[in-house]
Amino acid sequence: MLVVAGGCAYFAYRVKQKTHEFTQSMHTNAKPYTGRRQPCAMLSTSEASNALGQTVASVEQRGTSVCEYTYGTNGQHFDVEYTWQGGGITMGIAHGAMKSISGMETFTPLEGIGDEAYLAPGNSALMMRKGDVMVNIDLRESGVNADAAKKMASQIADRL
């Protein structure tokens with residue numbers, strides 16, 4: 001009976017430990033964002049132009065979570081999307097899901113940008129987290145390279 005009780009206690013301890021590790025990996029204790037939720041105010045047109053090496057012709061805010069930048073002679077565009085609340089959990093789930101599906105690490109960690117940042121597989125996006133805010137710069141069809149995205153993400157992180 002003591003062995004069974006001891007086994008149950010050990011099992012409960014391990015479950016509690018794994019739950020704690022999981023919640024820590026999801027950054028559930030990240031500092032909430034208390035500033036204004038204006039996505040286009042986080043990266044100016046001149047900062048985006050400098051990072052791209054091309055003039056940003058227009059910026060359009062869609063709701064409180066997306067800013068679309070149009071640049072270049074062909075009207076290329078890219079979106080910067082903000083998850084203002086629960087960004088740590090969102091990033092953790094996206095990162096974990098891709099790792100689980102592929103069976104290996106598919107995101108490339110980036111040092112020195114926000115609290116954590118990654119390039120998604122195939123340089124399809126840059127995901128950055130600062131506090132409880134996650135920022136996603138969509139690179140799939142935009143023509144924006146990873147170096148430009150890193151510069152923009154650093155400038156956004158400085159404002160969060």
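## Details of the pairing of strand β5 (residues 116–119)
Where burial is concerned, the two faces of β5 agree: the one with E116 and Y118 and the one with A117 and L119 are both buried. Following β5, the chain reverses through five residues before pairing antiparallel with strand β6 (residues 125–130); G122 in that reversal takes a positive phi of roughly 70°.

## Quick word on the sheet that holds strand β2 (residues 66–71)
Overall, antiparallel pairing links the seven strands, which are arranged β1-β2-β3-β7-β6-β5-β4 in an open sheet. Sheet topology places β1 (56–62) and β4 (108–110) at the edges, where each strand pairs with a single neighbour. Across the sheet, the mean angle separating the axes of adjacent strands is 20° when strand polarity is ignored. Pairing of β5 with β6 involves four bridges; the strand directions are antiparallel. Of the residues in β6, the one forming a bridge with E116 is R129.

Reading the values: the criteria
- Residues numbered from 1 in each chain as written.
- Predicted model: local features only at pLDDT ≥ 70, side-chain atom pairs only at ≥ 80, totals over all residues.
- Heavy atoms only, no water.
- Buried < 20%, exposed > 50% of the residue type's maximum accessible area, 1.4 Å probe, protein only.
- Helix = DSSP H or I, 4+ residues; strand = E, 2+ residues; numbered from the N terminus.
- Pairing = 2+ DSSP bridges.
- Axes fitted to C-alpha atoms, helices over the stretch in contact; angles between N-to-C directions.

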